[in-house]
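# Coordinate inspection notes
So you can see what is in the structure, the chains are spelled out below.
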Amino acid sequence: MLAISASAVLVATTAVSLAFYTLASPFEAPHGLGASQARSRCDRASFARLLPAHATLESIAVVRENGNYGEGAADIPYPRNPTNLPALCAVIVGVRSSSSSSYRFGLFLPDDWNSRFLVVGNGGFAGGINWLDMAAGPRIGMASLSTDTGHSGGTTDSTWALNQPERRTDWGWRAIHGSTVLGKRLVSAYYVNKPLRYSYYSGCSTGGRQGLKELQASPDSFDGALIGAPAWWTSHTNTYVAQIGLYNLPVTDPKHLSLSDISLLADEVTRQCDGADGVMDGIVSSPELCTLNLTTLLCSDSKNNNNNNNTNPNPSSPKCLTAAQISTAEKVYSDYYFSEDHTLLHPGLTPGSEQQWYLLLNGTEPTPFGVGYVRNFLYNNPAWDWHAFNESVTRYAEKTDPGNATADDYAALATVRERGGKVILYHGLADGLVHTRLSEVYYNRTVAALGGRHRGKHSKEGLADFFRMFLIPGMLHCLGSAVDAPWAMGGASQAGVLGAGVRSVPGFEDAEHDALLALFDWVEKGRAVESIVATAWRSPLDPTSGVKRQRPVCAWPKKAVWDGVGSVDDAASWRCSR
Ligand SMILES: *[C@@H]1O[C@H](CO)[C@@H](O)[C@H](O)[C@H]1NC(C)=O
Ligand SMILES: *[C@@H]1O[C@H](CO)[C@@H](O)[C@H](O)[C@H]1NC(C)=O
Ligand SMILES: *[C@@H]1O[C@H](CO)[C@@H](O)[C@H](O)[C@H]1NC(C)=O
Ligand SMILES: *[C@@H]1O[C@H](CO)[C@@H](O)[C@H](O)[C@H]1NC(C)=O
Ligand SMILES: *[C@@H]1O[C@H](CO)[C@@H](O)[C@H](O)[C@H]1NC(C)=O
């Protein structure tokens, strides 16, 4: 059931607001009057009339200034309601997508609207409306939308997909596409005489994939898209992550890396690679310049961690690794090529990502992102034994692409470019879940598909006129850092982890520090985004603890370079350079 907060008032179903259709925009009237007029249109009978036959109005509620809204615990992956909302209308619409599937989406329609619209994404297999990320919209005057992707369930749960091709299609692309198209129509209708001028997207992980997929399926959906750590290569990534788990199993095998072994590895990688960018700050900022030599960790007679001793395969403070363990780590870093034709099956994880390897390498079986996908999406076989993973599984996924989820139509972005759309892609260099190098592969393949060619001219800047990539040193998957690297930059879900009432980058709510605000300037004022200053706080998730570090993240292939004089914790000591 829907749990609505005390501050949200359900509007009586019988109230009919003729004003909905006849009044001019309330925002041309004095502020107080305008707000109350907008609210008077937050009405079930009027709103329901705007919906096409395959859609139904599930709920509509007035949320007052400083109120909160969401579905609470009923929304399994997103149980936390955003708080401190501006006055708005909260709507839930249900859409029948086939005879055996349907999806829902939530809409926030702020009383004070600035003609902009924001669609936000989901994460993993999450089936639920992402109210917390949606709050980013109305906090800055935008209408916003999120879909539940067509099912209800947690982030790692894919059991809903078993023998359900229509539901997979909703998760794959139909829910985000249908919600975006209908959402734009509803926003335009709700604000009567004020036009919808700009539409944006923001999502990370599966959310990044959803954004790329929607740009490919419908290049005119968004004027600007902020794409974080996209898990875009579904057919490959969601099978390969089963292989990564297998590298490290069973846990009783001498090749197994325990979390303590991985911690030892992380320290050694930092020791060898931290300085590759010229600055010793505990952050591996240029992993591509570091040639790892893990032989330094090899156990010898004088250096023994008991790992060969079967009674204690995983000591709590190992001093060295066996050759078999080093080989496991090397496989995790390595790109994997199909044996038959030597094409890329999947890139490896990046040195510096070890602090998050527990997501794919811990436990007694491979990640549910892999095993669940193969069982429930690919083979319709809940008994599929992950020990049996081999390359043919990925080949079959590539051929069938369940749910049409894979976002690999690189050339489609040409249309986004031609109509003036802008795309910012960002990815943490310490991401241990969705490989950072996947973004590099995506970017490189888009370069190959479009070239620097733009309106007949060959640009030296490659894709920079509309599509830029930002690799964030030390950032984990979508947010956070294990090494106090600056990470907060206005990406999806970032404000939400700082608090249910938080917006943007607290204390730095501007286009210099917030990539979404920077994207608006690029789209609306033609100001291309050269860098975004990322922030880390002394107490990592508490902005009131004070800033610990700020540093620009630069549009690839440029990087932040220290001036050699100022504090490395001060953004002013860095500039973007090749
Ligand atoms: C798969 O998605 C693409 C958009 O990326 C779309 O053009 C295509 O029609 C879809 N294919 C099917 C079979 O639905
Ligand atoms: C790797 O490290 C080992 C042990 O310190 C050393 O003997 C070897 O020469 C190094 N290899 C390379 C290629 O630098
Ligand atoms: C690793 O797995 C063990 C059990 O398999 C679990 O108890 C532990 O919480 C996991 N650690 C992390 C960091 O996920
Ligand atoms: C690979 O796995 C598939 C599916 O589990 C199986 O049918 C096939 O026999 C395997 N191939 C090899 C060479 O082991
Ligand atoms: C992408 O292209 C750049 C420049 O050509 C190259 O240095 C890099 O290795 C490529 N990355 C991947 C993952 O292919």
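For the chain, the name recorded in an unreviewed UniProt entry is Carboxylic ester hydrolase, with Achaetomium macrosporum as its organism. On record in UniProt, under Sequence similarities (unreviewed entry), the comment for the chain is "Belongs to the tannase family."

### Concerning the nonpolar core
One finds Phe47, Val93, Leu107, Leu109 and Trp357 to be the most contacted residues of the largest nonpolar core, which totals 102 residues. Counting residues per element, this core draws most heavily on helix 6 (residues 165–190), which supplies seven residues. Two domains each put at least three residues into this core: domain 1 (2–232 + 406–562) and domain 2 (237–403). Once residues within four sequence positions are removed from consideration, Leu109 is found in contact with Phe47, Leu88, Cys89, Val91, Ala143, Val187, Tyr190 and Tyr191. Ranked by size, the runner-up nonpolar core spans 46 residues in total, among them Leu85, Trp131, Met134 and Leu226.

### Things to note about the pairing of strand 8 (residues 224–228)
In terms of burial, strand 8 is largely enclosed, as five of its five residues are buried. As defined by bridge partners, strand 7 (residues 198–204) adjoins strand 8 across five bridges and the pair is classed as parallel. When the bridges of strand 8 are listed, Tyr201 appears paired with Ala225. Following the backbone out of strand 7, through helix 7 (residues 206–217) and into the adjacent parallel strand 8, one traces a crossover that is right-handed.

### Regarding the environment of Ser439
Residue position: Ser439 is located in helix 15 (residues 436–450). We classify Ser439 as buried; its relative accessible area is 1%. The sequence separation of Ser439 and Ala231 amounts to 208 residues, and the corresponding C-alpha distance is 8.7 Å. With residues up to four places along the chain from it excluded, the contact list for Ser439 reads Pro230, Trp232, Leu425, His427 and Met469.

### Brief notes about helix 7
An ideal rise of 1.5 Å per residue puts 16 Å on twelve residues; helix 7 measures up with 16 Å between its terminal C-alpha atoms. Most of helix 7 sits out of view: eleven of its twelve residues are buried. Of the positions making up helix 7, those classed as buried are Thr206, Gly207, Gly208, Arg209, Gln210, Gly211, Leu212, Lys213, Glu214, Leu215 and Gln216.

### A look at the site of ligand 5
Contacts to ligand 5 come from Arg437, Glu440, Val441, Asn444 and Trp556. Against a free-state accessible area of 360 Å², the protein chains account for coverage of 46% of ligand 5. Split by residue class, the shell around ligand 5 holds two nonpolar, one polar and two charged.

### So, the site of ligand 4
The environment of ligand 4 is formed by Trp384, Ala388, Asn390 and Ser392. A distance of 2.4 Å separates an oxygen atom of ligand 4 from a polar atom in the side chain of Asn390. Ser392 is positioned with one of its side-chain polar atoms (N or O) 3.4 Å from an oxygen atom of ligand 4. Protein chains bury 34% of the 360 Å² of accessible surface belonging to ligand 4 in isolation. The residue inventory of the shell around ligand 4, partitioned by class, reads two nonpolar, two polar and no charged.

### Here we look at empty space enclosed by the protein
Enumeration over the complete set of coordinates arrives at two cavities of 30 Å³ or more. Every residue lining the largest cavity is counted, 24 residues in all, and those nearest its centre are Ala136, Gly490, Gly491, Ala495 and Ser504. Of all the elements in the fold, those that place two or more residues in the lining of the largest cavity are strand 5 (116–120), helix 4 (131–134), helix 5 (136–139), helix 16 (494–498) and helix 17 (515–525). Along its surface, the second largest cavity is lined by 15 residues, and Gly282, Val284, Gly352, Ala430 and Val483 are the ones closest to its centre. Tallied by class, residues from the lining of the second largest cavity come to eight nonpolar, six polar and one charged. Looking at which domains feed residues into the lining of the second largest cavity, each of domain 1 (2–232 + 406–562) and domain 2 (237–403) gives three or more.

### So, unusual backbone geometry
A cis amide bond, omega 0°, links Leu249 with the succeeding residue Pro250. Tracing the sequence through the fold places Pro250 in the loop between helix 8 (234–247) and helix 9 (259–273). Residue Pro557 is bonded to the preceding Trp556 through a cis peptide linkage, with omega at 10°. With respect to the helices and strands, the residue Pro557 is situated in the loop between strand 16 (542–554) and strand 17 (559–562).

### Here's the deal with the pattern of salt bridges
Applying the stated criterion across every chain yields a total of 20 salt bridges. Put simply, Asp148 and Arg104 hold a salt bridge, and the shortest N to O gap is 3.9 Å. Placement of the pair is Asp148 in the loop between strand 6 (143–147) and helix 6 and Arg104 in strand 4 (residues 101–110), with a sequence separation of 44 residues. Notably, a salt bridge pairs Arg174 with Asp170, separated by 2.7 Å at the nearest N-O pair. Residue Arg174 and its partner Asp170 are located together in helix 6, separated by four residues, close to a single helical turn. Take Arg174: its relative accessible area is 18%, and that puts it in the buried class. Asp170 gets classed as buried once you look at its relative accessible area, which sits at 0%. Each of Glu58, Glu71, Arg104 and Asp148 takes part in salt bridges that share partners, so that together they form one network.

### Some remarks on the packing of aromatic side chains
For the structure on display, the rule yields 29 aromatic pairs. Summarising the aromatic geometry, the rings of Tyr69 and Phe108 are spaced 6.1 Å apart at their centres and angled 75° between planes, so their arrangement reads as edge-to-face. Of this pair, Tyr69 sits in the loop between strand 2 (55–63) and strand 3 (88–98) while Phe108 sits in strand 4, placing them 39 residues apart in sequence. Each member of the pair, Tyr69 as well as Phe108, carries the same accessibility label: buried. Judged by centre distance (6.3 Å) and plane angle (80°), the rings of Trp487 and Trp537 are edge-to-face. Of this pair, Trp487 sits in the loop between strand 14 (467–472) and helix 16 while Trp537 sits in strand 15 (residues 531–539), and the two are 50 residues apart along the sequence. For the pair formed by Trp487 and Trp537, the shared burial category is buried. In textbook terms, an aromatic cluster arises when at least three aromatic residues are bridged by ring pairs, as seen for Trp232, Trp233, Tyr410, Tyr442, Tyr443, Phe466, Phe467 and Trp556. If you follow Arg41 out to its NZ or CZ, it ends over the ring of Tyr190, 5.7 Å from the centre. Its guanidinium or amino end placed over the ring of Trp171, Arg209 lies 4.3 Å from that ring's centre, counting from NZ or CZ.

About the thresholds
Residues numbered from 1 in each chain as written. Chains lettered and ligands numbered in written order. Predicted model: local features only at pLDDT ≥ 70, side-chain atom pairs only at ≥ 80, totals over all residues. Heavy atoms only, no water. UniProt positions renumbered as here; feature names shortened; annotations may be inferred. Core = buried A, V, L, I, M, F, W, Y, C linked by side-chain atoms within 4.5 Å. Buried < 20%, exposed > 50% of the residue type's maximum accessible area, 1.4 Å probe, protein only. Helix = DSSP H or I, 4+ residues; strand = E, 2+ residues; numbered from the N terminus. Domains from an automatic or database assignment. Contact = heavy atoms within 4.5 Å. Pairing = 2+ DSSP bridges. Right-handed = clockwise from strand over helix to strand, strands pointing away. Expected span 1.5 Å × (residues − 1). Near = heavy atom within 4 Å. Areas by Shrake-Rupley, 256 points an atom, 1.4 Å probe, with all protein chains shown as cover. Nonpolar A, V, L, I, M, F, W, Y, C, P; charged D, E, K, R; others polar. Polar contact = N/O pair within 3.5 Å; in protein donor to acceptor, adjacent residues only side chain to side chain. 1 Å grid on protein atoms, 1.4 Å probe; cavity = no way out; pocket = protein on both sides within 12 Å on 5 of 7 lines; lining within 4 Å. Points joined across faces, edges and corners; volume = space filled by probe spheres on them. Salt bridge = Lys/Arg side-chain N within 4 Å of Asp/Glu carboxyl O. Phe/Tyr/Trp six-rings, centres within 6.5 Å; stacked < 30°, edge-to-face > 60°. Lys NZ or Arg CZ within 6 Å of the ring centre and 35° of its normal.

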